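Residue strings, one per chain:
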Amino acid sequence: GARKARVLFVDDEERVVNALRVIFRDTYDVEIATSGEAALELIRTRRFHVIVSDQRMPGMLGVDFLRE
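A short tour of the structure in this document, coming up.

Conventions used here
- Residues numbered from 1 in each chain as written.
- Predicted model: local features only at pLDDT ≥ 70, side-chain atom pairs only at ≥ 80, totals over all residues.
- Heavy atoms only, no water.
- Helix = DSSP H or I, 4+ residues; strand = E, 2+ residues; numbered from the N terminus.
- Rg over C-alpha atoms; globule rule 2.2 N^0.38 Å.
- Buried < 20%, exposed > 50% of the residue type's maximum accessible area, 1.4 Å probe, protein only.
- Contact = heavy atoms within 4.5 Å.
- Areas by Shrake-Rupley, 256 points an atom, 1.4 Å probe, with all protein chains shown as cover.
- Pairing = 2+ DSSP bridges.
- Axes fitted to C-alpha atoms, helices over the stretch in contact; angles between N-to-C directions.
- Polar contact = N/O pair within 3.5 Å; in protein donor to acceptor, adjacent residues only side chain to side chain.

**Remarks on the overall build of the chain**
Logical step 1: Scanning the chain from N- to C-terminus turns up three helices and three strands.
Logical step 2: Counting from the amino terminus, the chain carries its helices and strands in the arrangement β-α-β-α-β-α.
Logical step 3: The C-alpha atoms of the chain give a radius of gyration of 12 Å, which matches the 11 Å a tight globule of 68 residues would have.
Logical step 4: A principal-axis box enclosing the C-alpha atoms of the chain has dimensions of 40 × 25 × 15 Å.
Logical step 5: Going through the 68 residues of the chain one by one, you find that 29% of them count as buried.
Logical step 6: When contacts within the chain are restricted to residue pairs at least 6 apart in sequence, those whose partners lie at least 24 apart make up 46%.
Logical step 7: Of the roughly 4800 Å² of accessible surface on the chain, a fraction of 48% belongs to carbon and sulfur atoms.

Here it is as structure tokens:
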């Protein structure tokens, strides 16, 4: 079959990213991260077609993460 697009969801609220994983797992290859720093680590080792990030997160704002 066709490969699924890989999507990364980033949100400091674990319940949010877990819910997104459940909702989209049949359609996409879903990865999650609960901080901008953790998401940057994933990006260093994997390629993503789409990245969806929360804006207000402790440590690193979503806009700063996406800028990186």
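**Re the sheet that holds strand 3 (residues 50-53)**
Logical step 1: Read from one edge of the open sheet, three strands run 2-1-3, paired in parallel fashion. The outermost strands of the open sheet, each flanked by one partner alone, are strand 2 (29-33) and strand 3. Here the average twist between neighbouring strands, direction ignored, is 20°.
Logical step 2: Across five bridges, the pairing between strand 1 (residues 6-10) and strand 2 is parallel. When the sheet's bridge partners are listed, Phe9 is paired in strand 2 with Ile32.
Logical step 3: Lying over the sheet, helix 1 (residues 14-24) contacts strand 1 and strand 2, oriented at roughly 180° with respect to strand 2.

**Topic: the environment of Asp11**
Logical step 1: The topology assignment puts Asp11 in the loop between strand 1 and helix 1.
Logical step 2: Of the residues examined, Asp11 reaches a relative accessible area of 10% and is grouped as buried.
Logical step 3: C-alpha separation for the pair Asp11 and Ser53, spaced 42 residues apart in sequence, amounts to 6.1 Å.
Logical step 4: Setting aside residues no more than four positions away along its own chain, Asp11 makes contact with Val16, Val17, Ala33, Thr34, Asp54 and Met57.
Logical step 5: A distance of 2.8 Å separates a polar side-chain atom of Asp11 from the backbone nitrogen of Glu13.

**Thoughts on the environment of Gln55**
Logical step 1: By the element assignment, Gln55 lies in the loop between strand 3 and helix 3 (62-67).
Logical step 2: Residues Gln55 and Asp12 lie 43 residues apart in sequence; the distance between their C-alpha atoms is 9.7 Å.
Logical step 3: Among all residues touching Gln55, those that are not within four sequence positions of it are Leu61, Gly62 and Val63.
Logical step 4: A polar atom in the side chain of Gln55 sits 3.0 Å from the backbone nitrogen of Val63.

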